[in-house]
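Understanding the architecture of this molecule
One letter stands for each residue in the lines below.
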Amino acid sequence: MDKKLSTEAYKGVRDFYPEDMAIQSYIFNSWQKTAELFGFERYEASILEPADLYKSKGTANEEIVTEQTYSFIDRGEREVTLRPEMTPTVARMVAGRQRTLRFPLRWYSIPNLFRYERPQRGRLREHWQLNCDIFGADDYIADVEIISLACQILIDFGATPDMFEVKINNRSDMSTYYDSIGIKDVSKQTKITRLNDRFRKISSEEYLSELENILGDRQIAEVVQSKVSTSVNPVDNEVISGLKALGITNVKIDYSLARGFDYYTDTIFEIFDISGENNRSLLGGGRYSNLTSMFTDKKISGTGFGMGDVTMKDFLFTHKLIPSSIQNTTAKVVIIPTDEKLNLEATMVAQAIRKRGISVSTDIGTKKIGKKIAEAVDRGITYSIVVGTDEINSSKFTLKNLVLSTEIKGNIHDILTYLIANQ
Ligand code: HAM
């Protein structure tokens, strides 16, 4: 006998059955609504990019490029990568039209991204990520607005500020600090930033010993460790003050916050669920002042974030923020023929109603009528019309309201009038 193929999806990627898709659409619709409320315009691009886009100095994230990309050689011997993030793509697109675009831009997208990771809670090999970025606005207020948008997205799902926390740091302030304690070598600073990205994932002993390896000095390593362990709320931080003026106060400076990508230059931030159930960040982002430099001499700065659907869904479930009314059913009316011979007639009745913009399904399965009605109720369909020979001969139908157990009778015109009036 043939060996059958597995019905499992490829490890770490996602199948969305209709009930999963209903939640996914709910999340995407809410993302779209809030992004557009802030005046963001939507863009898209292909999943495929030339591999060089991620290898270029300035965009690289060592871990992603060397261990996490899905890359292959195409039939023309070109190395191609399934996008692991959207930021290099959008930088490419902005640089490509820099002469005609009207800056500052506010752009958003909801791409799916691929990273070869070990699947675990909050981390998969495929995820969708809302990306919101402002290009061509150097003032810190753009960072403030980006962070306030991120917070508003959570609020619009029904979250309250006590459910999450914004952590902020600043790459250039950290660099000034390293300079001030004698760590002037930029490559050492980059190594510390990369190590800091793992600060929460490794023990403090391991952190200290790796730091000592980078610096070759135990004492300085201890000084850096103590700085990085600090989480403070200084009054003189302009981004924090700006957020406060907008009423956002669940914000902290965290000197260990590093962000995985080398391209961030100034403010960086992440938002965390503080319930204790979800350790992964809900979103992360920051300012990158010259990501377009690999395409053009013109410097265009960007600031933005990426917010993942996996962590978003975990957050919504943890805080019971998924409305119970979410349904995968789209049909408002189901037409049920009493006999297989009337399947075509049932379909014609359905067509007549659809012409008026009302969504209709037909149940031409072979189950008994009672069972079909029960299933329609389960699915959340509001109305049923049973089509038998009597109905066809008399052109009179009964529209049953399955929720209220009421009914009306009439010809198709009466039924349509009723349905339109009761949409
Ligand atoms: P990132 O920190 O790599 O940033 O990802 C941002 C968010 O995407 C994370 O906080 C998480 O919600 C989600 N995410 C990332 N990787 C996975 C995964 N393997 N499985 C599930 N969810 C994941 C970036 O990608 C930057 N390009 C964001 C950005 C936009 N910065 C500026 N603009």
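Quick notes on the rules
Residues numbered from 1 in each chain as written. Predicted model: local features only at pLDDT ≥ 70, side-chain atom pairs only at ≥ 80, totals over all residues. Heavy atoms only, no water. Helix = DSSP H or I, 4+ residues; strand = E, 2+ residues; numbered from the N terminus. Rg over C-alpha atoms; globule rule 2.2 N^0.38 Å. Buried < 20%, exposed > 50% of the residue type's maximum accessible area, 1.4 Å probe, protein only. Contact = heavy atoms within 4.5 Å. Areas by Shrake-Rupley, 256 points an atom, 1.4 Å probe, with all protein chains shown as cover. Lys, Arg positive; Asp, Glu negative; His and termini not counted. Charge placed at Lys NZ, Arg CZ, Asp CG, Glu CD. Near = heavy atom within 4 Å. Polar contact = N/O pair within 3.5 Å; in protein donor to acceptor, adjacent residues only side chain to side chain. Core = buried A, V, L, I, M, F, W, Y, C linked by side-chain atoms within 4.5 Å. Pairing = 2+ DSSP bridges. Axes fitted to C-alpha atoms, helices over the stretch in contact; angles between N-to-C directions. Parallel < 35°, antiparallel > 145°, perpendicular 65-115°, else oblique. Nonpolar A, V, L, I, M, F, W, Y, C, P; charged D, E, K, R; others polar.

Further remarks concern the overall build of the protein. When helices and strands are counted, the protein shows 15 helices and 18 strands. Taken over C-alpha atoms, the radius of gyration comes to 28 Å for the protein, far larger than the 22 Å a tight globule of 423 residues would show. With the C-alpha coordinates aligned to their principal axes, the bounding extent of the protein is approximately 95 × 60 × 50 Å. The buried share among the 423 residues of the protein stands at 47%. Looking at the protein alone, contacts between residues at least 24 apart form 67% of all its contacts between residues at least 6 apart. In the form shown here, the protein has an accessible surface area of approximately 22200 Å², with 49% of it arising from carbon and sulfur atoms. If the 54 positive side-chain charges of the protein are averaged to one point and the 58 negative ones to another, these points end up 4 Å apart.

Inspection of the region around the ligand gives 27 residues, with Glu85, Thr87, Glu117, Arg259 and Tyr264 positioned closest. Between the ligand and Arg115, the relevant distance is 2.9 Å, taken from an oxygen atom to a side-chain nitrogen or oxygen of the residue. Secondary-structure elements contributing two or more residues to the shell around the ligand are strand E7 (126-135), strand E12 (283-288), strand E13 (302-308) and helix H11 (309-318).

To continue, consider the environment of Ser109. Relative to the helices and strands, Ser109 is located in strand E5 (residues 105-109). A sequence separation of 19 residues divides Ser109 from Val90, and the C-alpha atoms of the two residues are 9.3 Å apart. For Ser109, the residues in contact, after removing those within four places along its chain, are Tyr43, Glu44, Met86, Gln129, Leu130 and Asn131. Polar contacts involving the side chain of Ser109 include one to the main-chain carbonyl oxygen of Tyr43, which spans 2.8 Å.

The nonpolar side chains of a soluble globular protein tend to be buried, and buried together. Among the nonpolar cores identified, the biggest contains 63 residues, and Trp31, Phe305 and Phe315 are the most heavily contacted of them. Here the element with the most residues in this core is helix H5 (residues 140-156); it accounts for 9 residues. Beyond its immediate sequence surroundings of up to four residues, Trp31 is in contact with Ile110, Trp128, Gln129, Leu130, Ile153, Phe157, Met307, Gly308, Asp309 and Met312. With 17 residues, the next largest nonpolar core counts Tyr43, Val90, Trp107 and Phe261 among its residues.

The subject of this paragraph is the sheet that holds strand E15 (residues 360-362). One key point about sheets: their strands pair by backbone hydrogen bonds, in either a parallel or an antiparallel sense. Pairing within the open sheet is mixed, and its 5 strands lie in the order E15-E14-E16-E17-E18. The open sheet terminates on both sides in strands that have one partner only, identified here as E15 and strand E18 (406-410). For this sheet, the mean angle separating the axes of adjacent strands, direction not counted, is 25°. Note: strand E16 (residues 383-387) against strand E17 (residues 397-401), 3 bridges, orientation antiparallel. Among the inter-strand pairings, Ile385 is bridged to a residue of E17, identified as Leu399. With respect to the sheet, helix H13 (residues 369-379) is in contact with strand E14 (333-337) and E16, its orientation differing from that of E14 by roughly 170°.

For a regular strand, side chains alternate in direction, first toward one face of the sheet and then toward the other. Counted residue by residue, E7 has 10 buried out of 10 residues, so it is predominantly covered. In E7, alternate side chains face the same way, and those of Glu126, Trp128, Leu130, Cys132 and Ile134 on one face and His127, Gln129, Asn131, Asp133 and Phe135 on the other are all buried. Both E5 and E7 contribute to a ladder of 5 bridges, which runs antiparallel. Paired with Tyr108 across the strands is Cys132, a residue of E7. Note that strand E6 (residues 112-114) and E7 share 3 bridges and pair antiparallel. Bridging across to E7, Asn112 finds its partner in Trp128. Pairing between E7 and E13: 7 bridges, direction antiparallel. When the sheet's bridge partners are listed, Cys132 is paired in E13 with Phe305.

A few words now on the sheet that holds strand E3 (residues 70-73). Pairing in this open sheet of 3 strands is antiparallel, and the strands run E2-E4-E3 from one edge to the other. Each end of this open sheet is capped by a strand with a single partner; those strands are strand E2 (48-50) and E3. Taken over all neighbouring pairs, the strand axes of this sheet differ in orientation by 35° on average, direction set aside. Sheet topology places E2 next to strand E4 (residues 79-82); 3 bridges connect them, and they run antiparallel. Pairing of Glu49 across the sheet is with Thr81, part of E4.

Position of Met1 relative to the elements: it lies in the segment before helix H1 (18-37). Taking C-alpha positions, Met1 is 44 Å from Ala45, a pair spaced 44 residues apart along the chain.

Turning to the packing of helix H7 (residues 186-196) against helix H8 (residues 204-215), a few remarks are in order. The geometry of H7 relative to H8 is characterised by a closest axis approach of 10 Å and an angle of 170° between their N-to-C directions. With respect to each other, H7 and H8 are oriented roughly antiparallel. Along its contact with H7, which presents Lys188, Lys191, Ile192, Leu195 and Asn196, the element H8 presents Tyr207, Glu210, Leu211, Ile214 and Leu215. A breakdown of the residues in the contact of H7 with H8 according to their chemical character gives 6 nonpolar, 1 polar and 3 charged.

As for its placement among the helices and strands, Thr296 is situated in the loop between E12 and E13. Side-chain polar atoms of Thr296 contact the backbone nitrogen of Lys298, separated by 2.9 Å. Residues within four places of Thr296 in sequence aside, it is in contact with Ala95 and Gln98.

Turning next to unusual backbone geometry. Cis geometry is found at the peptide bond from Phe103 to Pro104, where omega equals -5°. Within the secondary structure layout, Pro104 lies in the loop between helix H4 (87-96) and E5. Look at Glu77: it is not a glycine, yet its phi comes out positive at around 70°. The residue Arg259 is not glycine, and still its phi comes out positive at about 70°. Structurally, Arg259 can be placed in the loop between strand E10 (251-254) and strand E11 (267-273). Residue class for Arg259 comes out buried when judged on its relative accessible area of 11%.

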